[in-house]
Amino acid sequence: PFLTPLYYCFPSQELARLFCLYGADPSELSFLHCFFSIRPDYDYIGFLVRELKLDIEEYDVGGLTALAHVYQEQNYEQIALLVQLGANLDRPMLENGRTLLMDAAMRGNSSMFGFLLGQGASRDKKCHTGRTVAEYAKLNFEGKSAFTKSELSQLLYKDQLVRPD
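Here is a short report on the structure shown in this document.

Calculation criteria
Residues numbered from 1 in each chain as written. Predicted model: local features only at pLDDT ≥ 70, side-chain atom pairs only at ≥ 80, totals over all residues. Heavy atoms only, no water. Helix = DSSP H or I, 4+ residues; strand = E, 2+ residues; numbered from the N terminus. Buried < 20%, exposed > 50% of the residue type's maximum accessible area, 1.4 Å probe, protein only. Contact = heavy atoms within 4.5 Å. Areas by Shrake-Rupley, 256 points an atom, 1.4 Å probe, with all protein chains shown as cover. Lys, Arg positive; Asp, Glu negative; His and termini not counted. Charge placed at Lys NZ, Arg CZ, Asp CG, Glu CD. Patch = residues over 30% accessible without salt bridge, like charges linked within 9 Å, V, L, I, M, F, W, Y side chains within 5 Å. Salt bridge = Lys/Arg side-chain N within 4 Å of Asp/Glu carboxyl O.

**Considerations on the overall build of the protein**
Logical step 1: Summing up its helical and strand segments, the protein has nine helices and zero strands in all.
Logical step 2: Along the protein, helices (α) and strands (β) appear in the sequence α-α-α-α-α-α-α-α-α when read from the amino end.
Logical step 3: Overall, the C-alpha framework of the protein stretches about 60 × 30 × 20 Å when taken along its three principal axes.
Logical step 4: The buried share of the protein, taken over its 165 residues, is 44%.
Logical step 5: Across the protein, the fraction of contacts at a sequence separation of at least 24, relative to all contacts at a separation of at least 6, is 60%.
Logical step 6: As presented, the protein carries roughly 9,000 Å² of accessible surface, and 52% of it is formed by carbon and sulfur atoms.
Logical step 7: Averaging the locations of the 16 positively and 21 negatively charged side chains of the protein gives two centres separated by 9 Å.

Following this line, the structure appears as structure tokens:
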């Protein structure tokens, strides 16, 4: 059902609107399929979400959304785009119900961690095992150094007056 006439309208938004006017059903399109087929045409991706109301939170058979995929690719630009279009940064979508921020903390990826915080990721979520972002930052996953742990902690609490222990 993914390769409908509406799918072949890309890159013409006007043609897609015309197809919809004459009965094309946008619900037959898969956001994931369209996103990975047409990126980096950000205007058309925005059109798919805003006008055709495709589900930006659609997930694949592995339970991953487009946001989780571009996070795994470390694609900051596309993460920002998807967040701007309404993708949920705080959706538990990785192993044990981790959010992207929890995963960046666990892996010691301070650059991504700071970026996700800047995009509005919540510090307060808990995964399915009850761990918080702060607890993931303290884990010794992949031999995280004391410096990296300190850096993550500073990023996590930089806008608060007092750092909780």
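**Structural notes on a nonpolar patch on the surface**
Logical step 1: Together, Leu15, Leu18, Leu21 and Tyr22 line one region of the surface with nonpolar side chains, adding up to about 460 Å² of accessible area.
Logical step 2: The topology assignment puts Leu15 in helix H1 (residues 13-21).
Logical step 3: Judged by relative accessible area, Leu15 falls into the partly exposed class, the value being 33%.

**Considering helix H5 (residues 76-84)**
Logical step 1: Along H5, the residues that are buried comprise Gln78, Ile79, Leu81, Leu82 and Val83.
Logical step 2: Those residues of H5 that are buried lie in contact with helix H2 (31-38), helix H3 (42-50), helix H4 (66-72) and helix H7 (110-118).
Logical step 3: Trailing H5 by a residue or two, Gly86 shows a phi angle of about 110°, which is positive.

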